[in-house]
Amino acid sequence: MSSTPFARHARLAGGLYLGIIVFGITGEAALRGPLIDWSDAAATAAALSQHAARFRLSIGFDLI
């Protein structure tokens, strides 16, 4: 059984939306979240400078 063009587009849109969710959660919770210390700005700055590539990757995930 062949699907209609609408169904194919709907599946593609759903898959892309799922990708947005996965990239957003990963960027926030797994990459950027552990770098931020809400009680100590100096510790956050030190973590960001030590893990600059990880922080940039999380920003890239947000852009996706």
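Above this text sits the structure in question.
A. Spatial organisation of the overall build of the protein chain. When its secondary structure is counted, the protein chain shows three helices and zero strands. From first element to last, N terminus to C terminus, the protein chain shows the α and β order α-α-α. Relative to a compact globule of 64 residues, whose C-alpha radius of gyration would be 11 Å, the protein chain shows 18 Å and is clearly more extended. If one aligns the C-alpha atoms of the protein chain with their principal axes, the spans along those axes are about 60 × 20 × 15 Å. Within the protein chain, the proportion of its 64 residues that are buried is 12%. Approximately 4,900 Å² of the protein chain is accessible, and the part contributed by carbon and sulfur atoms is 71%.

B. Focus on a nonpolar patch on the surface. Judged by side-chain polarity, Tyr17, Ile20, Ile21 and Ile25 come together as a nonpolar surface patch covering roughly 420 Å² of accessible area. With respect to the helices, strands and loops of the structure, Ile20 is situated in helix H1 (residues 5-32). Using a relative accessible area of 47% as the deciding quantity, one classes Ile20 as partly exposed.

C. Just the packing of aromatic side chains, in detail. Applying the stated criterion across every chain yields a total of one aromatic pair. Ring centres of Phe23 and Phe61 lie 4.9 Å apart, and the angle between their planes is 85 degrees; on these two criteria the pair is classed as edge-to-face. In this pair, Phe23 is assigned in helix H1 and Phe61 in helix H3 (residues 52-63), connecting sequence segments 38 residues apart.

D. Region of interest: the pattern of salt bridges. Tallying each qualifying case throughout the model produces two salt bridges. Glu28 is the salt-bridge partner of Arg32, the closest N and O atoms lying 2.8 Å from each other. Residue Arg32 and its partner Glu28 are located together in helix H1, separated by four residues, close to a single helical turn. A relative accessible area of 42% means that Glu28 is categorised as partly exposed. For Asp62, the salt bridge goes to Arg32, with nearest N and O atoms at 2.8 Å.

E. Representation of the side chain of Ser58. Mapping Ser58 onto the fold places it in helix H3. Among the polar contacts made by the side chain of Ser58, one reaches the main-chain carbonyl oxygen of Phe55 at a distance of 2.6 Å. The contact partners of Ser58, leaving out residues within four places of it in the chain, are Gly27, Leu31 and Arg32.

The rules behind the values
- Residues numbered from 1 in each chain as written.
- Predicted model: local features only at pLDDT ≥ 70, side-chain atom pairs only at ≥ 80, totals over all residues.
- Heavy atoms only, no water.
- Helix = DSSP H or I, 4+ residues; strand = E, 2+ residues; numbered from the N terminus.
- Rg over C-alpha atoms; globule rule 2.2 N^0.38 Å.
- Buried < 20%, exposed > 50% of the residue type's maximum accessible area, 1.4 Å probe, protein only.
- Areas by Shrake-Rupley, 256 points an atom, 1.4 Å probe, with all protein chains shown as cover.
- Patch = residues over 30% accessible without salt bridge, like charges linked within 9 Å, V, L, I, M, F, W, Y side chains within 5 Å.
- Salt bridge = Lys/Arg side-chain N within 4 Å of Asp/Glu carboxyl O.
- Phe/Tyr/Trp six-rings, centres within 6.5 Å; stacked < 30°, edge-to-face > 60°.
- Polar contact = N/O pair within 3.5 Å; in protein donor to acceptor, adjacent residues only side chain to side chain.
- Contact = heavy atoms within 4.5 Å.

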